[in-house]
Amino acid sequence: MISVSTLLCDHAADGNRLRYDVDIGADNPVSDRKQRRPVVVWNTTNRCNLKCVHCYAGAQSEPKAAELTTAEGKRLLDDLADYGAPVVLFSGGEPMVREDLAELVAYAAEAGIRPVLSTNGTLLTTERARELKEAGLAYAGVSVDGLAERNDEFRGVDGAFRAAVEGIETCLDVGLKTGLRYTVTRQNVEDLDGVVDLLTDVGLDRFCFYHLSYSGRGETLDSVDLDADERRDVVKRICDRTVRSHREGEEIETLLVGNYADAAYIVEYARREFDEAAARRVYARLARNGGDPTGERVAAVDCLGNVHPTQFWRTYSLGNVRDRPFGDIWEDESNPLLRAVRNRPENLTGKCADCRYREICHGGSRLRALAADNGLFGPDPQCYLDADERRGARPTADAD
Amino acid sequence: MVERTERRRIEDGDRAPNGREWELFVRSDGSDPMRHVGSVRAADAEGAYELATRLFAWHAEDVWVCPSAAVTRYTTHDLAEDAPTVEPSTDSEEPRNREWS
Ligand code: SF4
């Protein structure tokens, strides 16, 4: 997750300011420990009320018998709190179909984990939004993937767009911090500005743009994925829009998710649009944050308790929380894959091996590299940097 | 006298929300023991092996796959037991990783 607004506009959003601040945590071992623990995405259920074509979870309308129960979920949250996980992201399927969601959110908040939610927004009634807010929910990310017609086609249900926008309005009404999740594809790239305009009008100020991951149903979707030029163009548009809105005094927060070539691109953007000192500052902040977080700063637990290196890597599991506590699984570097994934800059091959941005990118997504038959440590096919950008002198990380 | 360790049997059941789950074991080289390295999700043993080799071929000499549902597990860890009380964090103002939030 790369905060464009923080990097390019010094937007002091909660969390981001801290995440990118190179000074904080250096002399505080407890803080540093927390900082290194992963955000845990808990796919609480595989059930969903929609049928999105790009769903990474391959969600279904029927319940899966052995989903973690409420009691097991609480025990998992205890394990996560013991381990020091800073954030738990309740996801799915559609987490709102779980009737114990508010109970679990409250439990996480009481245990000292920041609870956040990823939802399609269509079940966010005033009553449930208020219940979640009172339970301590810190943030709701609501997915919208195009204007009405396109979104509903994507989501497989008529009226899903209207319901999601109403869900966003409801969250804002009850005072819940809310943001957009938009997965950019060739099919909806033209709607992006329209969706941001519309949601800005309803009062939203946080926009997260996701690159397509290759897992779940998305795996069959590489024909709708953007090519390198299209990707560069949309990322540039997002950067331009962010900078422009800040210049006009509109403090929107924009984030890019799922493709760390964006980190490299933003350094290049800062050099081109501002100057070398700005590029070095941006690089230093990104270096503090690290590159693609797979197996390091993000973890996932699926609805049956399997622990994955990211929520998108569904075909491989490190272990199951019904067998061992989460922390034991996550710390077990006797697993050679986990160890190697955590040392990616040393293991990368192909054009990533000598890319000057490998420390802030980590070669992008391992899943997409595997899907493209580039090998476990090969380049992410979604990388859109050109050879000159990759080969220049490495910016220094100590510019601050 | 050594005290007997108390373990419980984990309920058998499907471990894959979609498809089938296969436990994965690899041996790095001849004299090493087989090591459990997680599980993969695939329709059959061939698919599981294929996936396993893409993840571990660079490391492993031997690769075994076993249907997850065929493993009966006994453990001292009990996810379903009553959750103990956890002290709330006292360091909520410290810098935190906000990835995905
Ligand atoms: S070449 Fe590799 S390391 Fe460099 S930006 Fe692209 S994906 Fe990242």
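Fair warning: this is a prediction, and the values are worked out from it, not measured in the lab. (Residues numbered from 1 in each chain as written. Chains lettered and ligands numbered in written order. Predicted model: local features only at pLDDT ≥ 70, side-chain atom pairs only at ≥ 80, totals over all residues. Heavy atoms only, no water.)

Caption draft 1: Spotlight on the overall build of chain B. When its secondary structure is counted, chain B shows 1 helix and 5 strands. Beginning at the N terminus, the succession of helices and strands in chain B can be written as β-β-β-α-β-β. When each of the 101 residues of chain B is scored for burial, the buried share is 40%. Partitioning the intrachain contacts of chain B with sequence separation of at least 6 by distance along the chain shows that 58% fall at a separation of at least 24. On chain B, roughly 6,100 Å² of surface is accessible, and the fraction owed to carbon and sulfur atoms is 47%. (Helix = DSSP H or I, 4+ residues; strand = E, 2+ residues; numbered from the N terminus. Buried < 20%, exposed > 50% of the residue type's maximum accessible area, 1.4 Å probe, protein only. Contact = heavy atoms within 4.5 Å. Areas by Shrake-Rupley, 256 points an atom, 1.4 Å probe, with all protein chains shown as cover.)

Caption draft 2: Broad picture of the overall build of chain A. Helix and strand content of chain A: 18 helices and 12 strands. The burial tally for chain A puts 64% of its 400 residues in the buried class. Long-range contacts, defined here as pairs at least 24 residues apart, represent 72% of the contacts in chain A between residues at least 6 apart.

Caption draft 3: Layout of the confidence of the model for chain B. Residues and elements named next belong to chain B. On average, residues of chain B carry a pLDDT of 78, and 77% of them reach 70 or more. Model confidence for chain B, summarised as mean pLDDT per element, is weakest for strand β1 (residues 8-9) at 81 and strongest for strand β3 (residues 35-42) at 95. Confidence drops under pLDDT 50 across residues 88-101; counting only partners more than four residues distant or on other chains, this segment forms 60 contacts. The complex prediction reports pTM at 0.88, with the ipTM value standing at 0.83. (pLDDT = per-residue confidence, 0-100.)

Caption draft 4: Geometry of the sheet that holds strand β2 (residues 20-27) of chain B. Read across the open sheet, the 4 strands follow the order β11(A)-β3(B)-β2(B)-β4(B); overall the sheet is antiparallel. Sheet topology places β11 (316-317) of chain A together with β4 (62-67) of chain B at the edges, where each strand pairs with a single neighbour. Bridge count between β11 of chain A and β3 of chain B: 2 bridges; the pairing is antiparallel. Within the sheet, the bridge partner assigned to Tyr 316 of chain A lies in β3 of chain B and is Val 40 of chain B. Of the strands in this sheet, β11 of chain A together with β2, β3 and β4 of chain B touch helix α1 (residues 45-56) of chain B, which is tilted by about 125° from β3 of chain B. (Pairing = 2+ DSSP bridges. Axes fitted to C-alpha atoms, helices over the stretch in contact; angles between N-to-C directions.)

Caption draft 5: Region of the structure containing the environment of Glu 190 of chain A. Relative to the helices and strands, Glu 190 of chain A resides in the loop between β6 (178-184) and α9 (192-201). Considering only alpha carbons, one finds Glu 190 of chain A and Val 307 of chain A, 117 residues apart in sequence, at a separation of 36 Å.

Caption draft 6: Structural view of the site of the ligand. As a matter of local geometry, the ligand sits amid Lys 351, Cys 352, Cys 355, Arg 358, Cys 361, Gly 363, Cys 383, Leu 385 and Arg 390 of chain A. Within the shell around the ligand, the residues separate by chemical class into 5 nonpolar, 1 polar and 3 charged. (Near = heavy atom within 4 Å. Nonpolar A, V, L, I, M, F, W, Y, C, P; charged D, E, K, R; others polar.)

Caption draft 7: Spotlight on the pairing of strand β2 (residues 39-43) of chain A. All names here are of chain A. With 5 of 5 residues buried, β2 lies mostly within the body of the structure. In β2, alternate side chains face the same way, and those of Val 39, Val 41 and Asn 43 on one face and Val 40 and Trp 42 on the other are all buried. As paired strands, β2 and strand β9 (residues 298-301) are joined by 4 bridges and run parallel to one another. In the sheet register, Val 41 faces β9, and the bridge partner there is Ala 300.

Caption draft 8: Quick peek at the packing of α9 of chain A against helix α10 (residues 228-247) of chain A. Residues and elements named next belong to chain A. Between α9 and α10, the least distance of the axes is 12 Å, while the angle of their chain directions is 30°. In terms of axis orientation, α9 runs roughly parallel to α10. For the crossing formed where α9 meets α10, the hand is right-handed. Across from Leu 192, Asp 193, Val 196 and Asp 197 in α9, the residues of α10 making contact are Val 234, Arg 237, Ile 238 and Arg 241. Of the residues belonging to the contact of α9 with α10, the class tally is 4 nonpolar, no polar and 4 charged. (Parallel < 35°, antiparallel > 145°, perpendicular 65-115°, else oblique. Left-handed = near helix turned anticlockwise from the far one by under 90°.)

Caption draft 9: Inspection of the pattern of salt bridges at higher detail. All names here are of chain A. Applying the stated criterion to the full structure yields 35 salt bridges over all chains. Put simply, Asp 225 and Arg 231 hold a salt bridge, and the shortest N to O gap is 2.8 Å. Residue Asp 225 shares its accessibility class with Arg 231, and that shared class is buried. Between Arg 342 and Glu 333 there is a salt bridge; the shortest N-O distance is 2.9 Å. Connected via shared salt-bridge partners are Asp 193, Asp 197, Arg 237 and Arg 241. (Salt bridge = Lys/Arg side-chain N within 4 Å of Asp/Glu carboxyl O.)

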